[in-house]
Amino acid sequence: MKRPVAVESASAIIDARIRELGDWRGKMLAKVREIIHEADPEIVEERKWVRATSPGTPVWSHGGIVCTGETYKNVVKMTFAKGAALKDPSGLFNSSLEGNVRRAIDIHEGDKVDEVALKDLIRAAVALNLKGKNKPKPKPKPRRASSKRAD
């Protein structure tokens with residue numbers, strides 16, 4: 001019988017990733033995470049797309065994926081799963097603009113994050129995820145019994 005493997009929580013793994021980075025990217029990922037939680041205290045932290053070569057991607061969800069927080073050599077990237085459907089009056093989206101679904105925000109070293117606009121975007125993404133989830137699904141129409149006549 002196999003013993004269950006201890007699974008670290010996604011939050012603990014994100015904490016470890018922030019510490020592991022140890023530079024501006026870790027600080028920025030921590031800041032973005034803080035803004036996300038301030039915007040929506042009910043948001044859930046997850047880790048998706050784990051592979052042997054990757055510890056996975058931090059994901060924040062509420063009624064579906066809201067956004068991811070990826071770190072690259074020169075950028076911290078927040079990708080909004082349904083970003084193309086969101087209004088972005090402050091022009092935060094600056095990456096993946098050609099896609100039909102996702103939109104991203106690339107944050108470079110020294111960039112200042114517009115916290116108010118980012119919180120608004122996060123709340124709009126959550127509202128979009130929840131839209132339609134609260135509606136009861138229509139009941140399927142009853143099928144009519146076959147009416148074959150015996151002539």
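Residues numbered from 1 in each chain as written. Predicted model: local features only at pLDDT ≥ 70, side-chain atom pairs only at ≥ 80, totals over all residues. Heavy atoms only, no water.

A.B. asks: Can you walk me through the nonpolar core in this structure?
C.D. replies: Nonpolar side chains tend toward joint burial in soluble globular proteins. Membership of the largest hydrophobic core comes to 28 residues, with the highest contact counts inside it found for Met 78, Phe 80, Ile 105 and Leu 118. At 7 residues, the largest contribution of residues to this core is made by helix α2 (residues 24-39). Not counting chain neighbours up to four residues away, the residues in contact with Ile 105 comprise Val 76, Lys 77, Met 78, Phe 80, Leu 92, Phe 93, Asn 94, Leu 118 and Leu 121. (Core = buried A, V, L, I, M, F, W, Y, C linked by side-chain atoms within 4.5 Å. Buried < 20%, exposed > 50% of the residue type's maximum accessible area, 1.4 Å probe, protein only. Helix = DSSP H or I, 4+ residues; strand = E, 2+ residues; numbered from the N terminus. Contact = heavy atoms within 4.5 Å.)

A.B. asks: It is not clear to me how the packing of aromatic side chains should be interpreted in this structure. Could you clarify?
C.D. replies: Given two aromatic rings, one states the distance between the centres and the angle between the planes to describe the pair. On inspection of all chains with the given rule, the structure shows 1 aromatic pair. Ring plane angle 75° and centroid distance 5.5 Å describe the contact between Phe 80 and Phe 93, whose orientation is recorded as edge-to-face. Taken as a pair, Phe 80 in strand β4 (residues 76-80) and Phe 93 in the loop between β4 and β5 (103-107) lie far apart in primary sequence, 13 residues in all. Classification of Phe 80 by relative accessible area gives buried; the value is 0%. (Phe/Tyr/Trp six-rings, centres within 6.5 Å; stacked < 30°, edge-to-face > 60°.)

A.B. asks: Would you take a moment to explain the sheet that holds strand β3 (residues 65-71) for this structure?
C.D. replies: Spatially, β1-β2-β3-β4-β5 is the arrangement adopted by the 5 strands of the open sheet, whose pairing is antiparallel. Pairing within the sheet leaves two strands with one partner each, and these edge strands are β1 (44-48) and β5. Across the sheet, the mean angle from the axis of one strand to that of its neighbour is 25°, orientation sign disregarded. Sheet topology places strand β2 (residues 57-61) next to β3; 3 bridges connect them, and they run antiparallel. (Pairing = 2+ DSSP bridges. Axes fitted to C-alpha atoms, helices over the stretch in contact; angles between N-to-C directions.)

A.B. asks: Looking at this structure, how should I read the side chain of Arg 103?
C.D. replies: Examined against the element boundaries, Arg 103 turns out to sit in strand β5. Nearest to the buried, unbridged Arg 103 among oppositely charged side chains is Glu 98, at 7.1 Å. Separated by 3.3 Å, the side chain of Arg 103 and the backbone oxygen of Leu 97 make a polar contact. (Lys, Arg positive; Asp, Glu negative; His and termini not counted. Salt bridge = Lys/Arg side-chain N within 4 Å of Asp/Glu carboxyl O. Polar contact = N/O pair within 3.5 Å; in protein donor to acceptor, adjacent residues only side chain to side chain.)

A.B. asks: Just to check I follow, could you spell out the packing of helix α1 (residues 10-21) against α2 for this structure?
C.D. replies: The packing of two helices is summarised by the inter-axis angle and the distance between the axes. Taken N-terminus to C-terminus, the directions of α1 and α2 make an angle of 145°; their axes are 7 Å apart at the nearest point. Contacts between α1 and α2 involve Ser 11, Ile 14, Asp 15, Arg 17, Ile 18 and Leu 21 on the former and, on the latter, Arg 25, Gly 26, Leu 29, Ala 30 and Arg 33. For the contact of α1 with α2, the per-class residue count stands at 5 nonpolar, 2 polar and 4 charged. (Nonpolar A, V, L, I, M, F, W, Y, C, P; charged D, E, K, R; others polar.)

A.B. asks: It is not clear to me how α2 should be interpreted in this structure. Could you clarify?
C.D. replies: Helical periodicity: at 3.6 residues per turn, an α-helix aligns residues three or four positions apart in one direction. With 16 residues, α2 extends 22 Å between its outermost C-alpha atoms, agreeing within 8% with the 22 Å of an ideal straight helix rising 1.5 Å per residue. Within α2 the residues assigned to the buried category are Trp 24, Arg 25, Gly 26, Met 28, Leu 29, Val 32, Arg 33, Ile 35, Ile 36 and Ala 39. The distance from a side-chain oxygen at the start of α2 to the backbone nitrogen of Arg 25 is 3.0 Å, and the residue carrying that oxygen is Asp 23. (Expected span 1.5 Å × (residues − 1).)

A.B. asks: I'm lost on the pattern of salt bridges in this one. Help?
C.D. replies: Where charged atoms of side chains with opposite charge meet at close range, the side chains can pair. Per the stated rule, a full pass over the model turns up 10 salt bridges. Here Asp 120 and Arg 123 are joined by a salt bridge, their closest N and O atoms 3.8 Å apart. Placement of both Asp 120 and Arg 123 in helix α3 (residues 115-130) is noted, with a separation of 3 residues, approximately one turn of the helix. Residue Arg 123 is classed as partly exposed on the basis of its relative accessible area of 39%.

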